[in-house]
Amino acid sequence: MISGKKIFCMTCEKLLVIDKYLDQPQFFSTGNGGYLNTLHSAGIFGKGFKTFIENPQNVVAAYEDYDYFTARFSKEEVRHNLQTFMTKVSFSGEEQVLSVACGPLIYETFLSTNLFSKGRVFAVDLSRSLMKYGSEKLGQPKNLYLYEANAQSLPFSSEVFDICFSYAALHWIPDPEKAVKEIERVTKKGGFVHITYNPNFAGMETPLSKFIRAEQIIHDSSFTFVHPGFGEKETFREIIYKR
Ligand SMILES: C[S@@+](CC[C@H](N)C(=O)[O-])C[C@H]1O[C@@H](n2cnc3c(N)ncnc32)[C@H](O)[C@@H]1O
């Protein structure tokens, strides 16, 4: 299906839009890895990490202290996630979608102005100021709705979303099983879920695929990218499934 940089599918046109978007310097620049280094030197990697993330205030403070937006993982990773989604799932653009642990809205701004411009995009994060920071930089599209909330207890009724995304975040959640259950509760039967996560982050195993209740697994693989923040390779697991 993939040949060079082009993807031959119904969404090929939209991919060109992604490339244009990714080439705009205001969306991406590499930053420093200060934040992860701080976590390392504070000794909270390994066993202490679980205790650390159990207090949502710690997570919020860690992200807010860090210039996360400018040290955003990598163009490579963002392109990868969006391309996988677009080649594996067909959608009309009118769907109601949710992004869990959205951070500074890099994906969500793109989703609401491009892929789902005729639909509605809801985004949830623990950190209000990270979302505010993102919307000040990128603008806030009319069909993008922001919620300060915990992924372990989503503020939505059951079966309301056609598609639910959660990128690079579930390894930060103290009870990832609860978060997956919440994602599945709010996704319509027959809707799609696209999750990327680090199964071995900070010395802690996140056995997410055990918790998933899928009607059909559409895609299950790993991908590696270089985190510009600390210049090391990170391997994420990625899963797309139908509820
Ligand atoms: C690595 S960032 C990923 C952000 C975004 N999805 C992206 O890929 O750019 C992880 C995000 O998870 C959020 N987060 C961590 N724990 C959370 C929780 N329990 N509920 C909601 N958001 C959480 C953090 O505030 C942070 O924005």
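For the structure, check the block above.
Treat the numbers as computed from the prediction; the structure is a model and nothing was measured. (Residues numbered from 1 in each chain as written. Predicted model: local features only at pLDDT ≥ 70, side-chain atom pairs only at ≥ 80, totals over all residues. Heavy atoms only, no water.)

Comments concerning the pairing of strand β7 (residues 187-197)
Part 1: Burial analysis of β7 places 8 of its 11 residues in the buried class, which makes it a mostly covered element.
Part 2: One ladder, built from 6 bridges, connects strand β6 (residues 161-167) with β7; its direction is parallel. Opposite S166, over in β7, you have I195 as the bridge partner.
Part 3: Handedness of the crossover joining β6 and β7 through helix α8 (residues 176-186) is recorded here as right-handed.
Part 4: Looking at chain direction, β7 and strand β11 (residues 232-242) are connected through 6 bridges and run antiparallel. When the sheet's bridge partners are listed, Y197 is paired in β11 with R237. (Buried < 20%, exposed > 50% of the residue type's maximum accessible area, 1.4 Å probe, protein only. Helix = DSSP H or I, 4+ residues; strand = E, 2+ residues; numbered from the N terminus. Pairing = 2+ DSSP bridges. Right-handed = clockwise from strand over helix to strand, strands pointing away.)

A short note on the side chain of S99
Part 1: Within the secondary structure, S99 is located in strand β3 (residues 96-100).
Part 2: Among the residues examined, S99 registers a relative accessible area of 3% and is labelled buried.
Part 3: At a separation of 2.5 Å, a polar atom in the side chain of S99 contacts the side chain of E108.
Part 4: Apart from residues lying up to four places away in sequence, S99 is in contact with E108, F122, A123, V124 and F165. (Polar contact = N/O pair within 3.5 Å; in protein donor to acceptor, adjacent residues only side chain to side chain. Contact = heavy atoms within 4.5 Å.)

None of the figures reported here should be taken as evidence of function without further support.
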